[in-house]
Amino acid sequence: MSELLDRRGIRLAEKAADREDAIRRCGQALVEIGAVDPGYVDTMLAREQSISTYVGVGVAIPHGTLGGKDLVKRDALVVLRFPDGVEWGGDRVSVCVAIAARGDGHVELLAALAEILLDDDQARELREATDPDTVIRLLAPVQEDSNS
């Protein structure tokens, strides 16, 4: 498995009071796996204020602003599942795939992730995942695309 998706960054039973709390939890997970400096969390919140990271089918992809790239130590993904859902600007999010990327790698990550989300079965499986191995299997194409 690529170093992009650290098993410690897969958290499938999270709770969040609101969108900001969910983003903070995502950012903290990135900090805890050593991918970003703590200040990156603020850039994730700033990104969300400028444009929603909701991508549909119950999934959001929080990530930092361009100015936050200097706070990224290594490219990484974390996956947080909120079984109770989180209100997200009029939508309901149950999974956040948070991204930390130093260069333009996030563009390829987003494209690969979009392909997974366009597949109804895979999107549902991601939203309903209760086992980290399921998440790793589903996101393997994302990691492979980022390594090519």
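Here, the structure is the one placed above.
As the structure is a prediction and not an experimental result, all values here were calculated from the model.

Visitor: Could you clarify how one ought to interpret the pattern of salt bridges in this entry?
Guide: Side chains that carry opposite charge are capable of pairing whenever their charged atoms lie near each other. Applying the stated criterion across every chain, the model contains 12 salt bridges. Among the salt bridges present, the one from aspartate 133 reaches arginine 7, with a minimum N-O distance of 2.5 Å. Of this pair, aspartate 133 sits in helix α5 (residues 132-147) while arginine 7 is found in strand β1 (residues 5-11), placing the two residues 126 residues apart along the sequence. Residue arginine 7 is classed as partly exposed on the basis of its relative accessible area, which comes to 42%.

Visitor: When you look at the sheet that holds strand β5 (residues 91-100) in this model, what are you seeing that I'm missing?
Guide: Backbone-to-backbone hydrogen bonds join strands into a sheet, with any given pair of strands oriented parallel or antiparallel. Read across the sheet, five strands follow the order β1-β4-β5-β3-β2 without closing on themselves; strand pairing throughout is mixed. This sheet does not close on itself; its edge strands, each paired only once, are β1 and β2 (54-56). For strand β3 (residues 59-60) and β5, the ladder comprises two bridges, and the chain directions are parallel. Looking at the pairing, valine 59 lines up with valine 95 of β5. Contacting β1, β4 (76-88) and β5, helix α1 (residues 19-32) crosses the sheet at an angle of about 160 degrees to β4.

Visitor: I would appreciate a short explanation of the state of the cysteines in the present structure.
Guide: A covalent bond between the sulfur atoms of two cysteines is referred to as a disulfide. If you walk through the whole model with that rule in mind, you get zero disulfides. With no disulfide of its own, cysteine 96 lies closest to cysteine 26 among cysteine sulfurs, the gap being 4.1 Å.

Rules used in this analysis
- Residues numbered from 1 in each chain as written.
- Predicted model: local features only at pLDDT ≥ 70, side-chain atom pairs only at ≥ 80, totals over all residues.
- Heavy atoms only, no water.
- Salt bridge = Lys/Arg side-chain N within 4 Å of Asp/Glu carboxyl O.
- Helix = DSSP H or I, 4+ residues; strand = E, 2+ residues; numbered from the N terminus.
- Buried < 20%, exposed > 50% of the residue type's maximum accessible area, 1.4 Å probe, protein only.
- Pairing = 2+ DSSP bridges.
- Contact = heavy atoms within 4.5 Å.
- Axes fitted to C-alpha atoms, helices over the stretch in contact; angles between N-to-C directions.
- Disulfide = S-S within 2.5 Å.

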